[in-house]
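# Chains, contacts and geometry: an overview
Chain by chain, the residues run as shown.
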Amino acid sequence: MERDHVTEDDEGKAVVDSHGEKIGMVTEVKSGTAYVNADPGLADSLRSKLGWGEADQDDYPLENNRIHTVTDDEIRLKDNF
């Protein structure tokens, strides 16, 4: 089921642009905002998938108005404004 907002269940998902190119991974969702690591390593990916991730200075907040859809596998962003 697709939606246009994030939940804590989305931690560890890939973030892709409107063309399907992977641009990062959600490391944490806090107060309805996803934090994205643009260059996650294997350890970061595993921690997020296990729910052990935390946003740090290398993670960027993803504005909700940039999200096109959230699926079981990824968060797809809208085209540039």
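Above this text sits the structure in question.
Okay, so let's go over this structure. Since the structure is predicted, the reported quantities are computational estimates derived from the model, not experimental observations.

Moving on, we come to the overall build of the protein chain. Helix and strand counts for the protein chain stand at one helix and six strands. From first element to last, N terminus to C terminus, the protein chain shows the α and β order β-β-β-α-β-β-β. For the protein chain, with 81 residues in total, the buried portion stands at 35%. Taking the intrachain contacts of the protein chain between residues at least 6 apart in sequence as the baseline, contacts between residues at least 24 apart amount to 47%.

Moving on, we get to unusual backbone geometry. With phi around 50 degrees, serine 31 is a residue other than glycine that occupies positive phi space. Serine 31 sits in the exposed class, given a relative accessible area of 83%.

On to the pattern of salt bridges, then. On inspection of all chains with the given rule, the structure shows three salt bridges. The shortest N-O distance in the salt bridge between lysine 13 and aspartate 10 comes to 2.7 Å. Assessed through its relative accessible area of 0%, aspartate 10 is described here as buried. For the salt bridge of glutamate 74 with arginine 76, the shortest nitrogen-to-oxygen distance reads 3.1 Å.

Here we come to the packing of aromatic side chains. Enumeration according to the criterion identifies zero aromatic pairs in this entry. Above the plane of the ring of tyrosine 35 lies lysine 30, whose end atom (NZ or CZ) is 5.3 Å from the centre.

Position of aspartate 10 among the secondary structure elements: in the segment before β1 (14-16). Of note is the side chain of aspartate 10, whose polar atom sits 2.8 Å from the backbone nitrogen of threonine 7. The contact partners of aspartate 10, leaving out residues within four places of it in the chain, are Arg3, His5, Val26, Val70 and Ile75.

What counts as what
Residues numbered from 1 in each chain as written. Predicted model: local features only at pLDDT ≥ 70, side-chain atom pairs only at ≥ 80, totals over all residues. Heavy atoms only, no water. Helix = DSSP H or I, 4+ residues; strand = E, 2+ residues; numbered from the N terminus. Buried < 20%, exposed > 50% of the residue type's maximum accessible area, 1.4 Å probe, protein only. Contact = heavy atoms within 4.5 Å. Salt bridge = Lys/Arg side-chain N within 4 Å of Asp/Glu carboxyl O. Phe/Tyr/Trp six-rings, centres within 6.5 Å; stacked < 30°, edge-to-face > 60°. Lys NZ or Arg CZ within 6 Å of the ring centre and 35° of its normal. Polar contact = N/O pair within 3.5 Å; in protein donor to acceptor, adjacent residues only side chain to side chain.

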